[in-house]
Each structure stands twice: as structure tokens, then as C-alpha cells.
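Notes for the structure review
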Amino acid sequence: MVLRHYTVPILLAVAGGVLLYVAKEELVSLYVLSVLMFMGVNVILATSLNLVNGYMGEFSCGHAGFMCVGAYVASILGVLLFSGHKAFGAAWLPAELAVWGFPLLILAGGAAAALAGLLVAIPSYKTRGDYLAIITLAANYIIISLIENLDIIGGSRGFMGMKKIVNGMEEAVALPWMPLWVLAFTVFCVWLLRRYLSSTFGKGVTAISQDEVAAEIMSIDTNKIKTITFMLSSGLAGIAGGLFAFIVGYVNPGSFNILKSTEVLVMVYLGGMGSLSGSILAAILFTVLLEALRPLQIIKWVVIPLLLIIIMQFRPEGLMGNRELGDLFPRLKRFYRFK
Amino acid sequence: MLLEVDNLEVKYGNIQALHGISFHVREGEIVTLIGANGAGKTTTLYSICRLAPPEAPRVIAGDIRCRGTSILTTRPDQVVSQLHMALVPEGRRIFGTLTVEENLQLATYAREKGADLARDFQRVFDLFPRLFERRKQRSELLSGGEQQMLAVGRALMTGCRVLLLDEPSMGLAPVLKYELFRTLKRLNEEGLTLLLVEQNASLALHLAHRGYVLDTGRIVASGTGSELLGNPEVRKAYLGG
């Protein structure tokens, strides 16, 4: 059936259309809309961390650090270019241009985070397992402390001014820009990861996770793969960070601490190591769960870990294990194709 | 000279594993290294493959040369992609969650563009028809013998001209052992050079043109296959009298 080649694009277009309609007509509250957007951000975070922790078999636990880099770089650049700031002076470009500039801001944040990912890639050549985990943890702390001590961007008080840019975009062209961009970037990230992992180069990632020596004697340049994979993973986290900053309109280093990294880890393990659809599912479930348990306030942080323990007891491989949706329901493959 | 190991001394941490061994392999030969457990056979192969510590040893003296140039600064992936030497490791070390076909595909990772991959796939499937039957299966589901075939096939898919084999007969039923060795002989007749490390000395020496006997990191005897088979000391130590 030829149609199945188009199922995914059609579904996505419909989703985009519905989103557009719903947001424009204000059929749902701003709260619901923002939860939907956080879902997108979490999907990017979980799938990109799964690349390193699930597919490559390393253990990175500083994902929020890269998210932080992306968030700050995108925000600062945006404020500098389109809205002006008391420390940097007036905006360099008219605010209407933000409509076009916005994706570039997010991508710039991703690029900066990818460079930060290099910091982790280099020690990963020689260290593995627990030691690498400690290095990524340290990277997370270094990034947070660095920003806390940079007074020009607000230090630990945080940095704001992104709401103005989003408002400027909506004034220039009356569309719900943020939900649309979050959807677009989420789809882009998942598609990119899927492409990467199904390439011959990406098969090298799986090879490294299974047996690094065997990968080397099969002519695989393990250092190169590790570098690129780490940079891709952290770059996507940077994209998620940029989106997060513009959704909230305010960033402070505290929101990217080790707790945030742990949240992402929970999503990856909940969904299953080495399963992109598992990570997507888990990110959505986890976001909903966090919101549903909001009335419990601080007790939430007792209930969620408890749920995690229960899942690990009864389904240690996570919701999906290392299988994708198509492996679990082979009949579904007749109806869609995603590559 | 295709491959030349010259007074090689290596260490794992503080433990010296090779005490200055020298041997050479000429184009088109089958050379075997025999010896007991811990003699340094695998260590020698790992050194040639330039694997990094901790798995592989550190070279502290001596040299390894391939076609006249030292390869001590070569990366492990370059040993395969540029020097065309591929290792069939001990214990097979295939990628269990990948299918047979994907395992073979992965080995072509660094092949030059335009290489005739279809012909090489055909060659591997001709040598090992079982692999063709099972090409869509996850390779961890293969039997031990089939996994060994896959390990050899995978090494061939790298486009190698020198095959380094580490204990290929280990854990195989006798009939499979003989079949594998017949295949190795056939590969050699087609022009492949083999460096074979074996504990099964009799089998290895019957196949090889020349052999070296390794004992606790030193070469204690060398000669053609039949010379070593006739050597009373070798017979006593490795061939059961």
C-alpha cells in the first residue's frame, strides 16, 4: 500500500492543524496548551538521552546541563537581537523579524549545547560506566555554577525577556507560534534520531553498546562515533532547552539542576532503553503524571519514585524494552512508515 | 614482508605478557601460533590489531611492521580499513541483537565507496550457506558453529586480505571443526593470508605452512608445519606424546 508512506506526514499535518485551530480559537486553556508543549520538550529530552544511555550503552546523567546551555544561548541571543536588555542595550533587529529568526535561535542553542557535548565526548574515549556518569554529573554542575556566577545574565536570579519576543512574533503574524514550533521541533528531533539510528553509521552506535572491541575490529572508528553521538544527543537537549525557555519566558539555573536530569533519566528507563517510541510514550505519560499529581504538592516526589520502583519490580525493561511500536504490533506496520 | 613482529615486548599494567617475540608472515601463507593457555597468543593478536588498553596490552619495546612500515601508531579501525587485516576474535563476539545480515553489513562500515559489496555477500553466503538461510535472524539465536561462521564471514566482509583467527575451533564439535578448517584452506587457496592462533596444535599444524610455538611470552620453537609435528618436544608438550 503506497498510502502508508504518507500516513505519518498526514497525521502530523492533521495534528498541526488541530493544534492551530484549538490554540487560535482558544478552545483549551493556556494551562493545557503549556502542558502539551512541555510534553514536546520532554519527548525531545527523553529520546535524545536514550541515544546515549539506551542505544550507545553509556551512562550520561547530566542531560539538563546541556538543556541549560541551549536555553541560555537561545534566550540571550533572542533578547540581544529582538527585544533589548538593560545590560546589552537596545535590540539589534526589529522585533517582527523574530518570526523568521526564532528557529535559528533554537538551532543556535542546540549548536552551543552540542559544543558543550564535546566536553563529555572526550573523556568518554577512555572512561566508561560509573566514571563517565560522574563526569557527566560534574559537567552538569559546572554549567550550572558557571551561569549562577555570571551576573550579567542575572546569575542565580535568572534571565527573562523571552515573553516579549514571543508576543512580538504573534503581533507580527497572528498565529500560535510556540505550540507550532514545539510540534515542529519535536517531530524534527525524533525523525533525525530515527534516521541516525537506522543508518550504517548509527548501527555502529549499537555495536559500541554491545561490544566495543568487536566494533573496533570491524573497522568502526569508535571515538568518532562517540563524539558525534554525544554531540547529537546534547545538541538536541539544547534545542529542548531553547524551546523550554521560550515557553516559560524565564530561565534560571535552578531549573536545570540534577533533579531535572533525573527526571529525564526516569523517562528513559520508564520507556525502555533503546526504544524511541518507548521514550516518546514515557515522556507523554510522565508529563501527564506530573500534572495530575500536582495537587499532592511535595508528596508528589514520594509518589513518583514509588511508581518507578514498582515499575522496575514488575517490568524492569521499561514499557517497551528495546522494541519499537512496529515490533510490538507488527500489523501496525501495514499502516504507517516512519523513517 | 606482509607482517613482521620484531622483538615485541608488551605489558598489561605491570605484568609483562610478551618477552620479545619475533615472527613474520609472508603473503599467501598460513602461519600458526600454538601454545598453552596464557602463552600470549591472544595478546599477540590484540597487539597486531592495535586495540587500546584495558583490553589490549601496551607495547613497551620492539616493533610491528606491515609491508615494511611500523603500525604502532595506527588506530584499530585503520588496521582493518587501511591495512586490510581483520580479526576473528576468540568467543566470536558477534553483535547478538543484530541480524546475521546486519552483522555482515556492519563489517562493511569503512569500505571504500564503490566496493563490490554484493559480490562479497555472495562469497560469504557461498562459503557458509547456513548463513544465507538464517540471514534475517537475530544472530544470538544461531548455534555456536553458525556463530563462528558468522564471525569469519563478518571478517571477510571487511574486505580483508589477512585474516587473524583467535581459537576458531574452540567449542566446536569435531565435524564442524574439520569443516571450518577446510573452509580456511579454501580461503587461503583463493589468496587470503592467514595467521591462526590455536590450542588444537595438531589441527593447526596440519593446516599451516609454518608455525611458531609460544610459551609464557617467548617463542620456543618454529618451523614448517610438518617439522613441528615431527619435533619430539612439541609432540610431548602439545600433541599428547
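Residues numbered from 1 in each chain as written. Chains lettered and ligands numbered in written order. Predicted model: local features only at pLDDT ≥ 70, side-chain atom pairs only at ≥ 80, totals over all residues.

1. Quick notes on the packing of helix α2 (residues 30-55) of chain A against helix α12 (residues 276-292) of chain A
All names here are of chain A. Where α2 contacts α12, the two axes come as close as 8 Å, and the packing angle between them is 140 degrees. Comparing their axes, α12 and α2 come out oblique. In the crossing of α2 with α12, the sense of the turn from one axis to the other is right-handed. Contacts between α2 and α12 pair V35, F38, M39, N42, V43, A46, T47 and N50 from the former with L276, S279, I280, A282, A283, I284, F286, T287 and E291 from the latter. For the contact of α2 with α12, a count of residues per class yields 11 nonpolar, 5 polar and 1 charged. (Axes fitted to C-alpha atoms, helices over the stretch in contact; angles between N-to-C directions. Helix = DSSP H or I, 4+ residues; strand = E, 2+ residues; numbered from the N terminus. Parallel < 35°, antiparallel > 145°, perpendicular 65-115°, else oblique. Left-handed = near helix turned anticlockwise from the far one by under 90°. Contact = placed C-beta atoms within 7 Å. Nonpolar A, V, L, I, M, F, W, Y, C, P; charged D, E, K, R; others polar.)

2. As for the environment of I15 of chain B
Residues and elements named next belong to chain B. Tracing the backbone through its elements, the reader meets I15 in strand β2 (residues 15-25). Look at I15 and you get exposed, because 9 C-beta atoms sit within 10 Å. For the pair I15 and P57, spaced 42 residues apart in the sequence, the C-alpha separation amounts to 9.6 Å. (Buried ≥ 20, exposed ≤ 12 C-beta atoms within 10 Å, placed from the backbone.)

3. Side note on the domain arrangement of chain B
Residue and element names in this part refer to chain B. Along its sequence, chain B is organised into domain 1 (1-84 + 163-241) and domain 2 (92-160). Between the C-alpha centres of domain 1 and domain 2 the distance comes to 23 Å. At the interface, 12 residues of domain 1 touch 9 residues of domain 2. At the level of secondary structure, the elements contributing two or more residues to the side of domain 1 that touches domain 2 comprise α2 (76-81) and α7 (174-189). Residue composition of the side of domain 1 that touches domain 2, grouped by class: 7 nonpolar, 4 polar and 1 charged. (Domains from an automatic or database assignment.)

4. Thoughts on the sheet that holds strand β5 (residues 69-70) of chain B
Residue and element names in this part refer to chain B. With antiparallel pairing, 4 strands are arranged side by side in an open sheet as β2-β1-β4-β5. Lying at the two open borders of the sheet, with one neighbouring strand each, are β2 and β5. Sheet analysis places strand β4 (residues 58-66) next to β5, joined by 2 bridges and oriented antiparallel. The residue of β5 that forms the bridge with R65 is S70. Its contacts with the sheet place helix α1 (residues 41-49) against β1 (3-12), β2 and β4, and it is angled at close to 70 degrees to β2. (Pairing = 2+ DSSP bridges.)

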